[in-house]
Amino acid sequence: MIRRTLILTLSAAAVALSACGKPEEKAAAAGAPTELTFSILSAENQASMEPLWTPLLTDLSESIGVKVKPYFATNYTSLVEAMRFKQVHMGWFSASPALQAVRRADAEVLGRVVDAGGEATYKSVIIVRKGSGITLDKILSCDKTLNFGLGDTQSTSGTLAPMTYLFTPRDIEPAKCFKSVRSASHQANAFSVANGVLDVATNNSVGLLFFARQSPELAAKVETIWESPPLPESSIVVRRDLDPALKEKIRQFFLTYGTGTDEKAAKQREVLKGLAYGGFKPADNSYLDPVREMEAGEALAAAKRSGDAGRIAKAQAEFDKVRADAAQKRAIEPAAAQ
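Residues numbered from 1 in each chain as written. Predicted model: local features only at pLDDT ≥ 70, side-chain atom pairs only at ≥ 80, totals over all residues. Heavy atoms only, no water.

Taken together, the six strands give an open sheet; going across it, the order is 2-1-3-12-4-13, and neighbouring strands pair in mixed fashion. Each of the sheet's edge strands pairs with one partner strand only, and the pair in question is strand 2 (67–73) and strand 13 (277–282). The average undirected angle you get between the axes of adjacent strands in this sheet is 25 degrees. Taken together, the five bridges between strand 4 (residues 107–115) and strand 12 (residues 235–239) define a ladder with antiparallel strand orientation. Residue Ala-107 lies in a different strand from strand 12, and its bridge partner there is Arg-239. Along the sheet, helix 4 (residues 76–84) contacts strand 1 (35–41), strand 2, strand 3 (90–93), strand 4 and strand 12; its crossing angle with strand 3, the most-contacted strand, is approximately 160 degrees. Taken strand by strand, helix 5 (residues 95–104) contacts strand 3, strand 4 and strand 12, and its axis lies near 145 degrees from that of strand 3. (Pairing = 2+ DSSP bridges. Helix = DSSP H or I, 4+ residues; strand = E, 2+ residues; numbered from the N terminus. Axes fitted to C-alpha atoms, helices over the stretch in contact; angles between N-to-C directions. Contact = heavy atoms within 4.5 Å.)

Written out as structure tokens, the structure is:
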């Protein structure tokens, strides 16, 4: 009897000790994933981005009780494909690739970025080298004398926005307008303009902020000659098939990060400062509606250039539908908030 009691006591102690194990061990015991992967676009290069994101992911790991490791990719397509094939579970996406992840990778938006100044938007820009004498009128003259740099084909600010707001309304196709056109990251384009390799390139207001922080002497050689209307800032995207309770933990982590008044929150705000962020706000897939509208507008413009009546009618119908859906959501939101 004494031996049996001792065995039961030791067994209970072992169970108690196991419950005090590492977060990933507790997660495994509960049947939850023992590790999650968070994707980050390393267009500004991994060496500079990893130190900025590592403290936040460490805090996320501690908060949700599951280890989170980074996944760096050099282009937007890789980010979407990694989520599609379940190589990553969540990530930091700009608006256009976030929409592609929602469409193709079973993803959903759970929060959005607010910049250091409290703004929830940023802008696409056109940059040239200071003292070059290149003006916006010169660019739009399409005399095929300038070397032009676009962003990634899936980039909101590097490609979609300048096409939607600058070139398409003027029936300009960059390939027919410039001496040469190439696609590259924001950082690569900024370096190329500063060093005179490119005459003009797209970028964005956040990208220029990082460029000035990392290469102030080169950034001083660049100037902005065009800005787009405000664009939706980056968002936090997760796979829809994650456990709902785990998704809610992730959501609450981002929405409360850096919002407290204690020493812990102060340290979190320093992490956000490194990322040039002011924090995160709630968002869902409707946050990406402006991108849907831009895409539909570009598709309609392409259809009109084709001269195909059937294609034009189809694109027009889709454009009208996207705009009507977005307008309806905007009308519902204020009423829901009351």
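Next up on the list: the packing of helix 5 against helix 14 (residues 289–306). Direction vectors running N to C along helix 5 and helix 14 enclose 90 degrees, while the axes themselves pass 9 Å from each other. In this view, helix 5 runs roughly perpendicular relative to helix 14, as classed from their interaxial angle. Here helix 5 contributes Ala-95, Ser-96, Leu-99, Gln-100 and Arg-103 to the contact with helix 14, which in turn contributes Val-291, Arg-292 and Glu-295. Along the lines of polarity and charge, the residues of the contact of helix 5 with helix 14 split into three nonpolar, two polar and three charged. (Parallel < 35°, antiparallel > 145°, perpendicular 65-115°, else oblique. Nonpolar A, V, L, I, M, F, W, Y, C, P; charged D, E, K, R; others polar.)

Let's shift gears to the pairing of strand 6 (residues 124–129). With respect to burial, strand 6 is a largely interior element, five of its six residues being buried. The sheet contact formed by strand 6 and strand 9 (residues 200–204) spans five bridges and is antiparallel. Each bridged residue has a counterpart across the sheet, and for Ser-124 the counterpart in strand 9 is Asn-204. Judged from the five bridges that link them, strand 6 and strand 10 (residues 222–227) form a sheet pairing that is antiparallel. Its bridge partner being in strand 10, Val-125 is matched across the sheet by Glu-227. (Buried < 20%, exposed > 50% of the residue type's maximum accessible area, 1.4 Å probe, protein only.)

An α-helical turn contains 3.6 residues, so a residue and the one three or four places further along point in the same direction. If you check helix 14, its first and last C-alpha atoms are 26 Å apart, about what 18 residues at 1.5 Å a residue would give, namely 26 Å. Along helix 14, the residues classified as buried are Asp-289, Val-291, Arg-292, Glu-293, Met-294, Glu-295, Ala-296, Glu-298, Leu-300, Ala-301 and Ala-303. Taken from the residues just after helix 14, Gly-307 is the one with a positive phi, measuring 75 degrees. (Expected span 1.5 Å × (residues − 1).)

Topologically, Asn-147 is positioned in strand 7 (residues 147–150). Polar side-chain contacts of Asn-147 include one of 2.6 Å to the side chain of Ser-180. Not counting residues up to four positions away in its chain, the partners in contact with Asn-147 are Lys-179, Ser-180, Val-197, Leu-198, Asp-199 and Val-200. (Polar contact = N/O pair within 3.5 Å; in protein donor to acceptor, adjacent residues only side chain to side chain.)

Moving on, we get to the nonpolar core. Formed by 56 residues in total, the largest nonpolar core has its most connected members in Leu-36, Phe-38, Trp-53, Leu-56, Trp-92, Ile-250 and Phe-254. No other element matches helix 3 (residues 46–64), which puts six residues into this core. Once residues lying within four places of it in the same chain are set aside, the contact partners of Leu-36 are Ile-64, Val-66, Lys-67, Val-68, Lys-69, His-89, Met-90, Leu-242, Leu-246 and Ile-250. Counting 15 residues, the second largest nonpolar core, distinct from the first, contains Ile-134, Leu-166, Ile-172 and Phe-178. (Core = buried A, V, L, I, M, F, W, Y, C linked by side-chain atoms within 4.5 Å.)

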